[in-house]
Amino acid sequence: MGPLPSCALGDVYTVPRGYDDWSTTLVDRLLRVEATYVPPDLMRVSEMGIAGGGSIRGVAAADTRAMAKAARAAGAPIGVWSGYRNYEQQTQLFNGYVTQNGFDSAITYSQRPGHSEHQLGLGVDFMSAGGGNPLPGDWGKTPAGSWMRENAWKYGWVNSYPRGAGGSRWNDRSCFRYEPWHYRYLGREMAAKVHASGLTIREYLWNNDTMLDRNGTLIAPATSMPSASASTSASPSASPSPTTPLSGTPSDPSVAATAAGPAVDPAKPAASGSGLGAPALVAAAAVLLGAGAALAVAARRRRSRRQVE
Ligand SMILES: [Zn+2]
């Protein structure tokens with residue numbers, strides 16, 4: 001394989017991206033998932049024995065619980081500042097940064113919707129337990145930040161955005177600004193491999209697991225894609241999507257307009273049937289409940305303080 005794609009922006013559907021392919025699914029400036037990508041096993045972090053709020057995938061629960069316990073025992077207790085964000089929340093967040101600082105600046109520290117590890121349910125901005133927002137100063141130098149840098153990989157978590165060459169804040173291997181608080185769950189096996197390689201997550205997955213060539217063209221058949229039915233399970237902030245996610249065919253990287261993605265219309269499933277039988281009514285109720293939960297989450301987000309990727 002040649003060098004990785006540059007940090008140029010694009011909108012190619014990453015492969016693999018099935019919900020079971022969580023440890024090898026890569027999103028970066030080029031690769032993304034659908035707007036309808038909602039992990040089926042979201043779980044409150046408060047049920048994982050760690051401070052803070054929000055949800056992440058249940059596949060990370062046991063390791064996260066063990067990591068929080070170990071950090072606490074080491075005198076460096078950690079918490080979750082920001083976990084799962086759905087496509088709409090990421091859209092609001094990114095657009096807010098664009099409004100504040102302009103697109104060219106925002107894109108260095110916030111991913112466009114579809115490109116965020118937070119949408120995978122596997123990205124977490126950690127904080128010091130009880131310490132609040134990790135952004136001011138260099139969280140990497142706090143006890144919690146230092147402990148995480150040394151130990152998180154043993155529990156399946158790897159820092160996605162380390163410092164760049166010469167200690168610079170911009171890293172052209174991750175194509176992102178230094179974020180000592182942002183970790184990605186890969187599972188212990190994959191995290192150990194990435195840690196041993198000395199590569200960033202982006203480099204490692206591009207080199208070993210992403211089934212696209214450097215131009216974003218499929219080089220191996222995709223085995224599984226997110227299914228629409230998976231998004232109908234009860235999750236705290238998911239609104240069921242009526243649309244079937246796009247097929248495995250990657251989009252043209254030049255089509256930047258796809259960043260907006262298909263709009264999710266929560267009313268559509270109920271309205272699409274000619275007669276509203278009992279199943280349809282149950283589905284409609286589920287949609288309304290899901291929408292309510294999403295609004296509640298959005299309201300909590302608005303109350304929370306500044307956050308980045
Ligand atoms: Zn983050």
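To be clear, the structure that these remarks concern was listed above.
Residues numbered from 1 in each chain as written. Predicted model: local features only at pLDDT ≥ 70, side-chain atom pairs only at ≥ 80, totals over all residues. Heavy atoms only, no water.

### Remarks on the pattern of salt bridges
When the charged atoms of two side chains lie near each other, side chains of opposite charge can form a pair.
And step 1. If you walk through the whole model with that rule in mind, you get twelve salt bridges.
And step 2. Close ionic contact of Arg32 with Asp11 constitutes a salt bridge, the shortest N to O distance being 3.6 Å. Of this pair, Arg32 sits in strand β2 (residues 31-32) while Asp11 sits in the segment before β1 (12-13); the two residues are 21 residues apart in sequence, bridging distant segments of the chain.
And step 3. Among the residues examined, Asp11 registers a relative accessible area of 0% and is labelled buried.
And step 4. Within this structure, Asp11, Arg32 and Arg112 form a network of salt bridges that share partners. (Salt bridge = Lys/Arg side-chain N within 4 Å of Asp/Glu carboxyl O. Helix = DSSP H or I, 4+ residues; strand = E, 2+ residues; numbered from the N terminus. Buried < 20%, exposed > 50% of the residue type's maximum accessible area, 1.4 Å probe, protein only.)

### Digging into the sheet that holds strand β8 (residues 157-161)
Through backbone hydrogen bonds, the strands of a sheet pair up, either in parallel or in antiparallel fashion.
And step 1. A sheet is described by the order of its strands in space; here five strands give the open sequence β4-β6-β7-β11-β8, paired in mixed fashion. Looking at strand neighbours, the two that pair on one side only are β4 (51-52) and β8, the edges of this open sheet.
And step 2. With four bridges joining them, β8 and strand β11 (residues 179-185) adopt antiparallel strand pairing. Looking at the pairing, Trp157 lines up with Tyr185 of β11.
And step 3. Sheet strands touched by helix α4 (residues 143-151): β6 (78-82), β7 (123-128) and β11. Its angle to β11, the strand with the most contacts, is close to 45°. (Pairing = 2+ DSSP bridges. Contact = heavy atoms within 4.5 Å. Axes fitted to C-alpha atoms, helices over the stretch in contact; angles between N-to-C directions.)

Nothing here speaks to function; it is all geometry.
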